[in-house]
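# Report on the structure
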Amino acid sequence: NMFADIRKTTALLASFHQVETQSLVLGVDEFNLEDYASNYTSARDAYVSAAEALKLATGPYKASRDAYVAATATYTKTMYE
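These remarks concern the structure in this document.

Each value, and the rule that gives it
Residues numbered from 1 in each chain as written. Predicted model: local features only at pLDDT ≥ 70, side-chain atom pairs only at ≥ 80, totals over all residues. Heavy atoms only, no water. Helix = DSSP H or I, 4+ residues; strand = E, 2+ residues; numbered from the N terminus. Buried < 20%, exposed > 50% of the residue type's maximum accessible area, 1.4 Å probe, protein only. Areas by Shrake-Rupley, 256 points an atom, 1.4 Å probe, with all protein chains shown as cover. Patch = residues over 30% accessible without salt bridge, like charges linked within 9 Å, V, L, I, M, F, W, Y side chains within 5 Å. Salt bridge = Lys/Arg side-chain N within 4 Å of Asp/Glu carboxyl O. Axes fitted to C-alpha atoms, helices over the stretch in contact; angles between N-to-C directions. Left-handed = near helix turned anticlockwise from the far one by under 90°. Contact = heavy atoms within 4.5 Å. Nonpolar A, V, L, I, M, F, W, Y, C, P; charged D, E, K, R; others polar. Lys, Arg positive; Asp, Glu negative; His and termini not counted. Expected span 1.5 Å × (residues − 1). Phe/Tyr/Trp six-rings, centres within 6.5 Å; stacked < 30°, edge-to-face > 60°.

## So, the overall build of the chain
Regarding its fold elements, the chain presents two helices and zero strands. Put simply, the chain has 81 residues, and 7% of those count as buried. When the accessible surface of the chain is totalled, it reaches about 7,300 Å², and 60% of it is carbon and sulfur.

Below is the structure:
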């Protein structure tokens with residue numbers, strides 16, 4: 001359902017604004033690659049799911065846009081024939 005996809009996308013995008021960020025002032029000894037990989041993976045998974053939902057949600061809008069453009073072109077062509 002197109003509207004369900006739009007609602008999911010809106011909710012997911014809103015959740016990005018709720019993520020708290022902390023300043024990154026780390027020394028060489030304090031950096032942990034496993035923590036970084038975990039944070040990166042979770043952020044990337046959220047991004048990929050949002051991108052997929054956005055792609056699914058925009059399909060009907062693009063189809064209606066293309067239909068409108070085709071109809072307008074046909075109408076304009078008949079006016080000048």
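## Focus on a nonpolar patch on the surface
On the surface, Leu 33, Tyr 36 and Tyr 40 cluster together into a nonpolar patch covering about 370 Å² of accessible area. Residue position: Tyr 40 is located in helix α2 (residues 33–79). Under the relative-accessibility criterion, Tyr 40 is labelled partly exposed at 47%.

## Focus: the packing of helix α1 (residues 2–16) against α2
Packing of α1 against α2 brings their axes to within 9 Å, and their N-to-C directions diverge by 145 degrees. The hand of the α1/α2 crossing is left-handed. Between α1, through Met 2, Asp 5, Ile 6, Thr 9, Leu 12 and Phe 16, and α2, the contact on the second element is made entirely by Ala 46, Tyr 47, Ser 49, Ala 50, Ala 53, Leu 54, Leu 56, Ala 57, Pro 60 and Tyr 61. Residues that form the contact of α1 with α2 fall into these classes: 13 nonpolar, two polar and one charged.

## Some details on the side chain of Asp 5
Relative to the assigned elements, Asp 5 resides in helix α1. The side chain of Asp 5 is buried and forms no salt bridge, while Lys 8, the nearest opposite charge, is found at 4.6 Å. Residue contacts for Asp 5: discarding those within four places in its chain leaves Leu 56 and Ala 57.

## Observations concerning α2
In this model, α2 (47 residues) spans 66 Å end to end at C-alpha, consistent with the 69 Å of a helix rising 1.5 Å per residue. The complete set of buried residues in α2 reads Ala 46, Ala 50, Ala 53 and Ala 57.

## Some remarks on the packing of aromatic side chains
Applying the stated criterion across every chain yields a total of one aromatic pair. Each ring, one from Tyr 36 and one from Tyr 40, has its centre 6.4 Å from the other, and the planes form 20 degrees; the classification is stacked. One end of the pair is Tyr 36 and the other is Tyr 40, both in helix α2 and four residues apart, which spans about a single turn.

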